[in-house]
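Below, each chain spelled out in residue letters.
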Amino acid sequence: MQSSTNKPWNAFHGPNFGYLLEQYEQYLTDKSSVDESFQHLFDQWGAPHEAEAEMNQPGLSPNEWMQRMRKLIAVMELAGNIRKRGHLEADINPIERRKPIGIGNPQSYNLTEEQIREIPAEFISPMLQGSYTDGLAAINRLKELYMNKIGYEIEHLVDEERKWFADQIEQGYVDRAIQKIDKKNLMEQLMAAEGFEQFIHRTYVGQKRFSVEGLETLVPAVEELVKISAEAGFDNVAIAMAHRGRLNVLAHVMDKPYEAILSQFQHSAYPGNKPELSTTGDVKYHMGATAEKVYDGKKITVTMGNNPSHLEIANSVVEGYARAAQEVRTSKGNPGQDFNKALCVLVHGDAAFPGQGCVAETLNFSRTAAYHTGGTIHIIANNNIGFTAETHESRSTEYSSDLAKGFDVPIIHVNADDPEACLAVMDLAFQYRQAFNRDIVIDLIGYRRLGHNEMDEPMATNPVMYKKVRNHPTITAVYRQQAAAAKALTDSETAKIEELAAAKLKEAHGRISKEQEAIPSIEEMMNGVPAANVKTDTTVDHPTLSKLNTELLDWPEEFEAFKKVHKILERRREVFGNQGKVDWGHAEALAFASILKDGTPIRITGEDTERGTFSHRNLVLSDERTGVKYNPLHEMESANASFAIHNSVLSEEAVLGFEYGYSVFSKETLVLWEAQFGDFANGAQVLFDQFISSGKAKWGQTSGLVVLLPHGFEGQGPEHSSARIERFLQLCAENNMTVANLSSAAQYFHLLRRQAAMLERDEARPLILMTPKSLLRNQAAACYIEEFTNGEFQPIIEQPGLGAAAEKVERIVFCSGRLAVELGENVSRQMEPEWLDIIRVEELYPFPKEEIKRIVNRYKNLKEVIWVQEEPKNMGAFRYMEPKLTEIIPSHLSISYIGRPGMASPAEGDPLVHKKEQERIIHEVFTKTKEGFAVK
């Protein structure tokens, strides 16, 4: 608390003080209506009080008083601009010092140094009281803090956070953090990072490694965050980063042996280099790792996520890792979450941070209930270039970090050639995260010493920049001078560190087998692919299912759900007493309840998941009087694990990445993501291509993620008809996924339970499920209780009433999903034709070859085999099914097709055209041609 005699109001008197009071009243009404200098004045000192003003100062005219006031305001404006805009002149770019624009120059404010000196230091910053004798010394200190090797962008933050930063900065937090740095250890880290790159460059000429040279400080910076986290008692740190510098971080943060990395360059065998369960593998600079580290007796697990070359896409996946590591899922209700169990660190590229939409999506969900991880530390590994595109080509903003300001995220820019400042900034960022549980961005600015890769020549495309780069000393040379100037290390000590770093690499290289590992064929690499399906009992006995159903409908007496919803859900009670049918949403609720009873946690998200896009789920109810939420799955007495359900942000790519990451890290949890409509999954195609379908083959990474995609042609136009099933089937191989298009509620129940039973097994794999829209309430897709208490998931289903007389069957029609139900509804109208059998293929992949073969072999008089679908011929399952069915059917037959012709758009836009086309398809299925059946 400052004494009244030292407050700035003492410089105001009479009418000048009255003017000050007027400004303060305006400030209280509308802060932005007063000059910024007054804003800073009132922010810092609060309300002016006349009692504190010196009323008797003889000899000062009104004009002199006004001059004093203007001088004080100008000094406050100077101080305020240093804080707010000092980063624009800060020395944060190692290869290009920016031109001064007058931010810290007194002349820009019509001030002399003598005038500034007259202002007490504590007026400029209360934190400097007693440390600096006058205003000029205080201003110079602010310039040192805000305009040196670190630049702060914090003015866009809320008052509490902005004040926190100002306090930490002006109290000298960074200086104190720098004093604690072990300079010898830092030199060792930098020598190791630089030496690693140079050794590989000399030893494996021309081989790609995506060198971190020019930004070597990134390595000790990431290590610092891991160390701080361990000291704070964290259990986990989850790291995402792209390929640049990845090998270096693997070696020096993840402690991957040099031998393991070097052997990959010369194709020598090394234990553990090929992840367990992977088949075809991946390039070395995409691979992740897990390490157990110890700092002063405190253990911490560090996980680096695998990352394909899709730049920022792994960020959301690793956010999912962190959330899974923070949660406890062993009891009913929502999972318990502890932000201090895991820290998420995302390393971005400077061109990618503003350029890739996934970054904005991830920042947007960072404080939502479904995806909050307690604050992520983002590091922009800023090379000032993206491939060959320079900064003016890759963004429209001053900084690559500017996107984050739109999400109220603080940004700290730091010169990577000052490694001590970089480590101190990491410490400050961690403290902010702990204080506010919010994201923060560190813009670590360096350069890229080589080209995009080690075979690229940057002088061809960026000659001006690379003349500067090649004349610039390496980080070890820079820090050698800094350490010597601080008398922290002698030249001989530094030389010894360099010698030891080189010796470690040389010794590791000498231990590697010089014999090249045998190069297998792809077929040999794929040996040992897990079985397609695992038999498991998915039934639930009648008493248990009845009890679960009762618990789902056992709401608090005072709770009043919306009457229409209440009536719909109450019908579920009648099913068990009146031999009614279980519809799709009811089957899902029973499946979830039974899975929770078995002790398997569940997490389900999507844009409208609590209610369900089609109002079919209603797992989270709202009291129509108070709006209070009630989730019966949280209150079930039978539940033995947590249940999390969230409406997600309007995002597909980042959200699906998060859920995939959660499923990978928490293998015991059934994780589901539901698209609002199936075609929304188009916005997450990279996740399907690079992670969901191929993660196991590349990285040995198992996931039991369930993706629910509403699919079906019902006259709603081209955008909300097709989930693009053809795309998923094209990605299928090595039993990597299950792709299903179901036709009954019982099938859904059993498939969910089968998926949950497989979660922690090697056979676990993602489930891509085409879910219905109109079938949700169609009684033809609903099932009697006996189909849940008995039976199992069936990869194929024969249409009841057909195929009884095998010798009379001449046509088999294969189909799936909604259309299969529609065909089944038409069977009775066609008087159950003896010449026809209809087979529903419920599980498209893995392809149920043996089951289909057994049916086909029953019919000795077949004349035609048809695949029928509602999707266009060039879409849907036809192109996938045709060669597989051809292998099974008699050689004299071919596969015929009934469905829409090949189309550019997934569906027609006119509902009347849709109806006509649907009628044609069904008519052709049940109609013999005049010529009979086509014969090959």
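Notes on the structure follow. Worth saying up front: this structure is predicted, and the values here are computed from it rather than measured.

**A closer look at the overall build of the chain**
Part 1: Of the regular secondary structure elements, the chain holds 35 helices and 26 strands.
Part 2: The dimensions of the chain, computed from C-alpha atoms along their principal axes, are 120 × 75 × 50 Å.
Part 3: Going through the 936 residues of the chain one by one, you find that 59% of them count as buried.
Part 4: Partitioning the contacts of the chain with sequence separation of at least 6, the portion at a separation of at least 24 is 80%.
Part 5: The distance from the centre of the 101 positive side-chain charges to the centre of the 132 negative ones in the chain is 4 Å.

**Structural notes on the pairing of strand β2 (residues 236-241)**
Part 1: Taken across its 6 residues, β2 has 6 buried, putting it largely inside the fold.
Part 2: Here β2 runs beside strand β4 (residues 298-304); their pairing, made up of 4 bridges, is parallel. Across the sheet, the residue bridging to Val237 is Val302, located in β4.
Part 3: Across 6 bridges, the pairing between β2 and strand β7 (residues 342-349) is parallel. The partner of Ala238 across the bridge, within β7, is Cys344.

**Observations concerning the packing of aromatic side chains**
Part 1: Counted under the stated rule, the structure contains 28 aromatic pairs.
Part 2: Connected via pairs of aromatic rings, a cluster forms that spans Trp164, Phe165, Tyr432 and Phe436.
Part 3: The ring of Phe265 carries Lys284 above its face, with NZ or CZ at 4.5 Å from the centroid.
Part 4: Across the ring face of Tyr662, the terminal group of Arg603 is positioned such that the distance to the ring centre comes to 5.0 Å.

**Digging into the state of the cysteines**
Part 1: If you walk through the whole model with that rule in mind, you get 0 disulfides.
Part 2: With no disulfide of its own, Cys732 lies 19 Å from the sulfur of Cys815, the closest cysteine sulfur.
Part 3: Cysteine Cys783 remains unbridged, with the sulfur of Cys815 as its closest cysteine sulfur at 16 Å.
Part 4: Residue classification places Cys783 among the buried residues on the basis of a relative accessible area of 2%.

**A short note on the sheet that holds strand β1 (residues 150-153)**
Part 1: Within the open sheet, the 8 strands sit side by side as β1-β11-β12-β8-β7-β2-β4-β3. Their pairing is mixed. Since the sheet does not close on itself, it has two edges, and those belong to β1 and β3 (289-295), each with one partner. Here the average twist between neighbouring strands, direction ignored, is 20°.
Part 2: Bridge analysis of β3 against β4 gives 7 bridges, and the strand direction is antiparallel. Its bridge partner lying in β4, Ala289 is registered against Met304.

Analysis parameters
Residues numbered from 1 in each chain as written. Predicted model: local features only at pLDDT ≥ 70, side-chain atom pairs only at ≥ 80, totals over all residues. Heavy atoms only, no water. Helix = DSSP H or I, 4+ residues; strand = E, 2+ residues; numbered from the N terminus. Buried < 20%, exposed > 50% of the residue type's maximum accessible area, 1.4 Å probe, protein only. Contact = heavy atoms within 4.5 Å. Lys, Arg positive; Asp, Glu negative; His and termini not counted. Charge placed at Lys NZ, Arg CZ, Asp CG, Glu CD. Pairing = 2+ DSSP bridges. Phe/Tyr/Trp six-rings, centres within 6.5 Å; stacked < 30°, edge-to-face > 60°. Lys NZ or Arg CZ within 6 Å of the ring centre and 35° of its normal. Disulfide = S-S within 2.5 Å. Axes fitted to C-alpha atoms, helices over the stretch in contact; angles between N-to-C directions.

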